[in-house]
Amino acid sequence: MPSLRKLIAASMAVALLAAACGSSSGTQAPAGQTNAPGGAATTVMAKSIGGSNIIVDGASGMTLYVFASDVASSGKSACNGGCATTWPPITVSSGTTPSAGAGASGSLGTITRDDGKIQVTYNGAPLYHYSGDSAPGDTNGNYPGWSPAKA
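1. Here's the deal with unusual backbone geometry
Here is step 1 of the chain: With a phi angle near 65°, Ser73 is a residue other than glycine that sits in the positive phi range.
Here is step 2 of the chain: For Ser73, the location among the structural elements is in the loop between β3 (65–67) and α2 (83–86).

2. Brief notes about the state of the cysteines
Here is step 1 of the chain: Tallied over the entire structure, the rule returns 1 disulfide.
Here is step 2 of the chain: The side chain of Cys79 participates in a disulfide bridge whose partner is Cys83; the two sulfur atoms lie 2.0 Å from each other. Every disulfide takes its handedness from the sign of the S-S torsion; for Cys79 and Cys83 that torsion is -110°, giving left-handed.
Here is step 3 of the chain: The class of Cys79 is buried, set by a relative accessible area of 0%.

3. Structural notes on the pairing of strand β6 (residues 108–112)
Here is step 1 of the chain: Here β6 shows a buried face lined by Gly109 and Ile111 and an unburied face lined by Leu108, Thr110 and Thr112.
Here is step 2 of the chain: In this sheet, strand β7 (residues 118–122) lies alongside β6 in antiparallel orientation, the contact comprising 5 bridges. Following the sheet pairing, Ile111 is matched in β7 by Gln119.
Here is step 3 of the chain: The antiparallel hairpin formed by β6 and β7 contains 5 residues in its connecting segment, where Gly116 sits at a positive phi of about 90°.

4. Section: the environment of Leu127
Here is step 1 of the chain: Relative to the elements of secondary structure, Leu127 occurs in the loop between β8 (125–126) and β9 (146–148).
Here is step 2 of the chain: Each C-alpha atom, one on Leu127 and one on Trp87, is 9.2 Å from the other, the two residues being 40 residues apart in sequence.
Here is step 3 of the chain: Not counting chain neighbours up to four residues away, the residues in contact with Leu127 comprise Val44, Ile55, Leu64, Tyr65, Val66, Pro89, Ile90, Gln119, Val120, Thr121, Tyr122 and Ala149.

5. Brief notes about the nonpolar core
Here is step 1 of the chain: Within the largest apolar cluster, 12 residues are counted, these being Val44, Ala46, Ile55, Leu64, Ile90, Val92, Ala104, Ile118, Val120, Tyr122, Leu127 and Ala149.
Here is step 2 of the chain: Breaking this core down by element, the ones donating at least two residues are β1 (43–49) and β7.
Here is step 3 of the chain: For this core, the element with the most residues is β7, which contributes 3 residues.

Analysis parameters
- Residues numbered from 1 in each chain as written.
- Predicted model: local features only at pLDDT ≥ 70, side-chain atom pairs only at ≥ 80, totals over all residues.
- Heavy atoms only, no water.
- Helix = DSSP H or I, 4+ residues; strand = E, 2+ residues; numbered from the N terminus.
- Disulfide = S-S within 2.5 Å.
- Buried < 20%, exposed > 50% of the residue type's maximum accessible area, 1.4 Å probe, protein only.
- Pairing = 2+ DSSP bridges.
- Contact = heavy atoms within 4.5 Å.
- Core = buried A, V, L, I, M, F, W, Y, C linked by side-chain atoms within 4.5 Å.

Here you go:
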């Protein structure tokens, strides 16, 4: 008879796999990153990384990214489903207004995602974390079609 621990682990693995394959998977921030807990405003700020002023999550210092397939000011995100698992959007609670910290002089706003969550935008472009970044200043998500958001 399998142990309870193995059954729980197997159940969790199946649930994670099903969520990744679904059309509207969750958009939780990776460990160490914040999506405005308790409805507090998400603050973004600029930080010099690799000689460029990059927009970072004010709560965690993690790099934020923009997706070339998003159309700025369209009110839509092109990264949904499995994409949002790798590139979790930075979100706020409904009715929360994000605020800009030091060096982030662009316009902050929000859009409503296909899954109903409220995503933060900078100069009209939706902002995302990258699940492969593990420490403030990491820019591992600099891939074709993806780039760190510039201040």
